[in-house]
Amino acid sequence: MIIKALSADRTISWVVASFAILAIVGLMVPNWVLNGTMFGLARGLAVLGLLVLWRTGLVSFGHALYFGLGAYAVALLEKYTGVSDVFVRLAVALATAAAVGFMLGFVLRNHRGIFFAMLSLAFSMVLYGVLIKSEALGSTDGFSVSQTTILGWQPETKYPLFLTIILTGVVAAVGMQIYFRSALGHLTTAVRDNEIRVEYLGYSVAQAIHIKYVLSAALTGAAGGLFAMALGQVDPDSMVNWTVSGELVFISILSGPGSVAAPFIGAVAFEFLRTFAFELAPHAWQLIVGGTLLGIILFLPRGLWSLIERLPMRQERDRE
Amino acid sequence: MKKGIFRSGALTLALGAFIGAPIVTTSAFAEETFKVAVVSFLTGPAAGPFGEPGRHGAELLIDAINDGTMPAPYDSVGFGGVQIEGIFVDESGGNAKQVAEYRNLIEKQNVDAVIGYISSGSCMAIAPVAEELQTLTIMSVCGTPRLFEGNDWQYTFRTQAHAVADSVAAALYIRDQLGDVKSYTGINQNYAWGQDSWKFFDIAMQKLTPGSSGSDSPQFPKIFAGQYGTEISTLLLEDADLVHSSFWDGDIEAFVLQASVRGFFDKKRFISVAGASAVDNLGKRFPEGTVVGTRGEYGILVREQEGELNEWFIDTYRERYGVYPLESSYQYAQTVLALKAAMDKAAAESGGTPNEDQIIAAMKGLEFQSLAGNVSLALGNGHQAVHPIGYGITAWDEESNSPKLVDIRIYPTHCILPPVNQMSEAWLEAAMPGADC
């Protein structure tokens, strides 16, 4: 019954199918492509977290807080308990971020627009400051993260971790799609359009935003955890600094809000764009990345996803 | 549903083509040369005083050895008969970015070995990945002893002595040259190198000058902070007559300039463990009478030292780049020399082009002649270098209109480093047994 309902949703069926194909492609590509794709997909998960808020008209400039919490949860878990199991790591990263998101949610749910953005930025910089100052938390050096094990088994290659990231991505994307289709999810756009009307309908706007915020934090935390596992290193400047939050917002704009799959496409594209820009112009790669963003805003205001919306077969279906 | 799958297939293929396209160009590369990535700061505050001079040092030696134009004992052509192709990579951007870049270097650009790294943060982050990817990696500059103490790396080497040596030599110099220091404090960067430097300096001072007392509030600003107004105020308010600092990169220049205008150097004695680059870069603006080290027999410390290799290096370097080689120029050059010595040795033993395992075997415990002294990979199970370290006091040479160091003292290896198989901190706490200096 549930499966039937799920497969009736076109977005869900094709998200599952694309990830399945990606899993097979992952077997055939060289390691650096696999790595880049892992980084991209992990960031994509964080951007999906931003998308949840964005659809309500909220932009967070501080999601590096949760990204960093997830990453540091994985690193500290290993440092103090020695646990390196992928599922424990993922669960701890997600739970830590969700718990902090739940607490901060009480403050943030009362703010909108620039205040929401700046307040979230402030919280993330608090964590950054704490990490930088504290020697026990690695200060600016951070920690290495050992290779991930799966139920006591130490894989030879990165492929099992790649599969884990893909599975997490699928579960998150499908979960969010179901959420967006639920009554609570439909409130998303309603809240953006007119909060007072939503209140008159008998829903609590603050509560709806709080739930979104925790969901968003949890997704971003999981993303940070997976990113740390894929990379094998955490440090405040690459995980918690405001530039990381900016990067996530950048990828959101690059991807577009059109679909739960868009963040993953945008993030993987971003990852490879940056890799090649860095190789092509080691001193001016930011120019290439920035130029791309400018081009996207000017010509594709709804992001890379709007390219897919323009595919001929998609338009054909819409005519049907 | 069907259409959904079709569309996703097309999309994934397009994505695959996008990310897979460059594979064709990189994997078909025939391996005729030994490809070495040289990592140093090419952008940011550490580029001027450390990154660029380091890169130049490596570049100069790689070119000279490829052409066979170096003096003996390095006058044979190539590295074990092989030509090295150096590619130069930026170290900025944080540890996570460095790890990602390192993976790219090995897996995408197919480099055979990686040398360099200035920041201790980079070294600590890279070593585990070097093991994972099984690639010969030789660190040139970074100083934290944690790299090999408590870790048994197979693929990572370091041709620079670690922070214990710098700190003990500093304490020895203070005892021998300055004599009566009653109390001291420090300003160090808040990361592995700065924390370790202060910790070891403090212990060494307690053991070597028992009458002195260390400050309980040494300053630890963030690396690359650039502004030290509050720290300078705090240091000036303290009673301590000596200030220790392991600042390097642009930070030491910024600190010296900001402290000078407040009369800091008239009120305090200052010992700079790794700030020699600033002596050259700031010229007359660097205060005279400051104790400065170069972390080895490098740079301004050995500028007047005789020796064929040293004179050749200084002359060729000045001819090519128009400036004197700095500390990091020597350190990077030293790493290239280690690689040359190991590859020559491995080639002689194997009778052909050596492979990675043979080079690593040859490098373990290697003893080789550097530009201005000898280096031996004696610690860390044959992976960690030991060599003498010296300090001097800054002065202005009117004749050549350039800075110089006077009262130079160079301390031999056994005075400043623990013997094999002893942890640095325990050795220091036990009042450095075996080092009767």
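Residues numbered from 1 in each chain as written. Chains lettered and ligands numbered in written order. Predicted model: local features only at pLDDT ≥ 70, side-chain atom pairs only at ≥ 80, totals over all residues. Heavy atoms only, no water.

Q: Residues and numbers for the overall build of chain B, please.
A: Looking only at helices and strands, chain B features 16 helices and 15 strands. Relative to its length of 437 residues, chain B is compact, with a C-alpha radius of gyration of 23 Å against a globular reference of 22 Å. When its C-alpha atoms are laid out on the principal axes, chain B stretches across 80 × 60 × 45 Å. Sorting the 437 residues of chain B into buried and exposed places 62% on the buried side. Carbon and sulfur atoms make up 51% of the accessible area of chain B, which totals about 15,500 Å². (Helix = DSSP H or I, 4+ residues; strand = E, 2+ residues; numbered from the N terminus. Rg over C-alpha atoms; globule rule 2.2 N^0.38 Å. Buried < 20%, exposed > 50% of the residue type's maximum accessible area, 1.4 Å probe, protein only. Areas by Shrake-Rupley, 256 points an atom, 1.4 Å probe, with all protein chains shown as cover.)

Q: Please give an account of the overall build of chain A that cites residues and values.
A: Each helix and strand in chain A was counted, giving 16 helices and 2 strands. For 320 residues, the compact-globule formula gives about 20 Å, and the C-alpha radius of gyration of chain A, at 19 Å, lands near that figure. Each of the 320 residues in chain A was classed as buried or not, and the buried ones make up 58%. In chain A, the proportion of contacts linking residues at least 24 apart, taken out of those at least 6 apart, comes to 78%. Carbon and sulfur atoms provide 69% of the accessible area of chain A, an area that totals close to 13,400 Å². (Contact = heavy atoms within 4.5 Å.)

Q: Give me a nonpolar patch on the surface: which residues, what numbers.
A: Residues and elements named next belong to chain A. Together, V59, F61, I114, F115 and M118 give the surface a local cluster of nonpolar side chains, amounting to about 470 Å² of exposed area. Here M118 is to be found in helix α6 (residues 113-133). With a relative accessible area of 40%, M118 lands in the partly exposed category. (Patch = residues over 30% accessible without salt bridge, like charges linked within 9 Å, V, L, I, M, F, W, Y side chains within 5 Å. Salt bridge = Lys/Arg side-chain N within 4 Å of Asp/Glu carboxyl O.)

Q: Kindly report on α6(A), identifying the contributing residues and their values.
A: Residues and elements named next belong to chain A. Taking 1.5 Å as the rise per residue, α6 with 21 residues should run 30 Å; its terminal C-alpha atoms sit 31 Å apart, in good agreement. For α6, the complete set of buried residues consists of F116, A117, S120, S124, L127, Y128, L131 and I132. Relative to the axis of α6, the buried residues are bounded by an arc of 145 degrees and lie together on one face. Away from its buried face by more than 90 degrees, α6 exposes I114, F115, V126 and K133. The inward-facing, buried residues of α6 contact α3 (31-54), α4 (64-81), α5 (86-108), α10 (205-231), α11 (236-239) and α12 (242-255). (Expected span 1.5 Å × (residues − 1). Arc of directions from axis to C-beta.)

Q: So, the environment of B:A170: which residues are in play, and what are the values?
A: Residue and element names in this part refer to chain B. Tracing the chain through its elements places A170 in helix α6 (residues 163-178). You can call A170 buried: its relative accessible area is 0%. For the pair A170 and V273, spaced 103 residues apart in sequence, the C-alpha separation works out to 7.1 Å.

Q: Hey, could you go over the pairing of strand β3 (residues 113-116) of chain B for me, with residue numbers and the actual values?
A: Residue and element names in this part refer to chain B. Side chains A113 and I115 of β3 all project onto a buried face; the interleaved residues V114 and G116 project onto the opposite face, where all are buried too. Both strand β1 (residues 34-40) and β3 contribute to a ladder of 4 bridges, which runs parallel. When the bridges of β3 are listed, V38 appears paired with I115. Here 4 bridges tie β3 to strand β4 (residues 136-139), and the two strands are oriented parallel to one another. Within β4, the residue paired with V114 across the bridge is T137. Crossover connection from β3 via helix α5 (residues 120-133) to parallel β4: handedness right-handed. (Pairing = 2+ DSSP bridges. Right-handed = clockwise from strand over helix to strand, strands pointing away.)

Q: An account of helix α2 (residues 10-28) of chain A is needed here, citing residue identities and associated values.
A: For α2(A), spanning 19 residues, the distance from its first C-alpha to its last is 28 Å, which sits close to the expected 27 Å at 1.5 Å a residue. Regarding α2(A), the residues found buried are A:T11, A:I12, A:S13, A:W14, A:V15, A:A17, A:S18, A:F19, A:L22, A:A23, A:V25 and A:G26.

Q: An account of a negative patch on the surface is requested, with residue identities and associated values reported.
A: All names here are of chain B. Taken together, the side chains of D75, E306, E308, E311, D315 and E319 present a region of like negative charge at the surface. Relative to the helices and strands, E311 resides in helix α12 (residues 308-321). On the basis of relative accessible area, E311 is assigned to the partly exposed category, the value being 39%. (Lys, Arg positive; Asp, Glu negative; His and termini not counted. Charge placed at Lys NZ, Arg CZ, Asp CG, Glu CD.)

Q: Give me the sheet that holds strand β10 (residues 291-293) of chain B: which residues, what numbers.
A: Residues and elements named next belong to chain B. One open sheet holds the 7 strands; their spatial order is β7-β6-β8-β9-β10-β14-β15, and the pairing between them is mixed. In the strand order of this sheet, the two ends are held by β7 (213-214) and β15 (402-411), each with one partner. When strand β14 (residues 389-397) meets β15, the two strands line up antiparallel, connected through 8 bridges. Of the residues in β15, the one forming a bridge with A395 is K404.

Q: Before we move on, can you summarise the nonpolar core with the specific residues and values?
A: Residues A:L41, A:L45, A:L48, A:V234, A:M239 and B:Y102 are the most contacted members of the largest nonpolar core, which totals 129 residues. When residues in this core are grouped by element, the largest group, 15 residues, is from α3(A). Leave out the neighbours within four places in its chain, and A:L41 touches A:F19, A:L22, A:F162, A:I165, A:I166, A:F264 and A:V268. With 98 residues, the next largest nonpolar core counts B:L61, B:I65, B:A113 and B:L377 among its residues. (Core = buried A, V, L, I, M, F, W, Y, C linked by side-chain atoms within 4.5 Å.)

Q: If you had to explain the domain arrangement of chain B to someone new, which residues and values would you point to?
A: Residues and elements named next belong to chain B. What the domain assignment lists for chain B is domain 1 (34-161 + 305-386) and domain 2 (164-303 + 389-429). Centre-to-centre separation of domain 1 and domain 2, based on C-alpha positions: 26 Å. Listed as interface residues are 36 residues of domain 1 and, on the opposing side, 34 residues of domain 2. At the boundary of domain 1 with domain 2, total buried surface from both sides reaches about 2,700 Å², with 62% on carbon and sulfur atoms. (Domains from an automatic or database assignment. Buried area = accessible area lost by both parts, 1.4 Å probe.)

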